[in-house]
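If you want the building blocks of each chain, they are given just below.
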Amino acid sequence: MTSDVDIPYLTIDLGKYALPLEYYASAGLYNKNADDYIIPQRNLIVDNFLFYRYFYNRKMYMDVWNINKGLLISRTIFKNESDPCGFKITVNGVEVHCWPEFAVDDEIYCTILPNEAEKVSKDYSDENNPMLIKLTPKDR
């Protein structure tokens, strides 16, 4: 992919929570200090939404931002396996949590973990793989 002019689309400034570069080069420094900083994970932009997943202080944060408005729409803090993972949606009249894995155009494909997928389908078992659903954003 090429561009005549390189223009950043979005800048996320972690400020004092940005991990110093020297910590990335040393496993010892990283392991000793990483909890004090935001460690970004795989993130996704769809339409005007940023799905931003990161670790901070031994917890995984899952944020959904409206990029155009600079507005935090949802934040889930995942501390252990029993915590909800992702943002709330309603599927077949049941509220569950999901998190985007990938997108095609404006359609978002999300994972619902087995413990929540059982709520959506009576035929689903917690021995199955996670459930994948397709979402199309309404807010433009």
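Our structure's up above, just so we're on the same page.
Residues numbered from 1 in each chain as written. Predicted model: local features only at pLDDT ≥ 70, side-chain atom pairs only at ≥ 80, totals over all residues. Heavy atoms only, no water.

Novice: Please clarify how the overall build of the protein should be interpreted in this entry.
Specialist: Secondary structure summary: the protein contains three helices and nine strands in total. Traced from its N-terminal end to its C-terminal end, the protein shows the element sequence α-α-β-β-β-β-β-β-β-β-α-β. Projected onto the principal axes, the alpha-carbon positions of the protein cover approximately 50 × 40 × 30 Å. Here the contacts in the protein between residues at least 6 apart in sequence split such that 30% fall between residues at least 24 apart. Split by element, the accessible area of the protein, about 9,500 Å² in all, is 50% carbon and sulfur. (Helix = DSSP H or I, 4+ residues; strand = E, 2+ residues; numbered from the N terminus. Contact = heavy atoms within 4.5 Å. Areas by Shrake-Rupley, 256 points an atom, 1.4 Å probe, with all protein chains shown as cover.)

Novice: What should I look at first to understand the pattern of salt bridges in this one?
Specialist: Two side chains bearing opposite charge may form a pair once their charged atoms approach each other closely. Inspection of the entire model under this criterion finds six salt bridges. Here Asp 35 makes a salt bridge to Arg 58, at a shortest N to O gap of 2.7 Å. Of this pair, Asp 35 sits in the loop between helix 2 (27–33) and strand 1 (39–40) while Arg 58 sits in the loop between strand 3 (49–56) and strand 4 (59–66); the two residues are 23 residues apart in sequence, bridging distant segments of the chain. Residue classification places Asp 35 among the partly exposed positions, given a relative accessible area of 25%. Classification of Arg 58 as exposed rests on a relative accessible area of 69%. In this structure, Arg 75 engages Asp 63 in a salt bridge whose closest nitrogen and oxygen atoms are separated by 2.8 Å. Linking Arg 75 in strand 5 (residues 71–78) with Asp 63 in strand 4, this pair joins segments that are 12 residues apart in sequence. (Salt bridge = Lys/Arg side-chain N within 4 Å of Asp/Glu carboxyl O. Buried < 20%, exposed > 50% of the residue type's maximum accessible area, 1.4 Å probe, protein only.)

Novice: When you look at the packing of aromatic side chains in this model, what are you seeing that I'm missing?
Specialist: Remark: the centre distance and the inter-plane angle together describe each pair of aromatic rings, the angle taken between the planes. Overall, the coordinates contain 11 aromatic pairs when judged by the stated rule. With a centroid separation of 5.5 Å and an interplanar angle of 85°, the aromatic rings of Tyr 17 and Tyr 56 are classed as edge-to-face. Remark: Tyr 56 occurs in strand 3 and Tyr 17 occurs in the segment before helix 1 (21–24); sequence separation between them is 39 residues. Taken together, a centroid distance of 6.0 Å and an interplanar angle of 90° make the contact between Phe 51 and Trp 99 edge-to-face. Taken together, the positions of Phe 51 in strand 3 and Trp 99 in strand 7 (residues 94–104) put the pair 48 residues apart, joining distant regions of the chain. Exposure remark for Phe 51: the relative accessible area of 4% places this residue in the buried category. By the ring-pair criterion, three or more aromatic residues cluster together here, those being Tyr 17, Tyr 52, Tyr 54, Tyr 56 and Tyr 61. (Phe/Tyr/Trp six-rings, centres within 6.5 Å; stacked < 30°, edge-to-face > 60°.)

Novice: Please explain the nonpolar core as it appears in this structure.
Specialist: In summary, soluble globular proteins display a tendency toward joint burial of nonpolar side chains. In terms of nonpolar packing, the biggest core is built from 23 residues, with Phe 51, Phe 87, Ile 89, Val 91, Ile 112, Met 131 and Ile 133 touching the most fellow members. Those elements giving two or more residues to this core turn out to be strand 2 (44–46), strand 3, strand 4, strand 6 (87–91), strand 7, strand 8 (107–112), helix 3 (114–120) and strand 9 (131–135). The contacts of Ile 112, once residues within four sequence positions are left out, are Val 91, Val 96, His 97, Cys 98, Ala 117, Pro 130, Met 131 and Ile 133. (Core = buried A, V, L, I, M, F, W, Y, C linked by side-chain atoms within 4.5 Å.)

Novice: Can you help me understand the pairing of strand 4 in this one?
Specialist: Regular strands place their side chains on alternate faces of the sheet. Of all eight residues in strand 4, six are buried, a share of seventy percent or more. Of the strand pairs in this sheet, strand 3 and strand 4 are connected by eight bridges, and their pairing is antiparallel. Each bridged residue has a counterpart across the sheet, and for Tyr 52 the counterpart in strand 4 is Asp 63. Here strand 3 folds back onto strand 4, and the loop between the two strands holds two residues, one of which, Asn 57, carries a positive phi near 55°. Pairing of strand 4 with strand 5, which is carried by seven bridges, proceeds in the antiparallel orientation. Pairing of Trp 65 across the sheet is with Leu 72, part of strand 5. Hairpin connection of strand 4 to strand 5: four residues between the antiparallel strands, including Gly 70 at a positive phi of 60°. (Pairing = 2+ DSSP bridges.)

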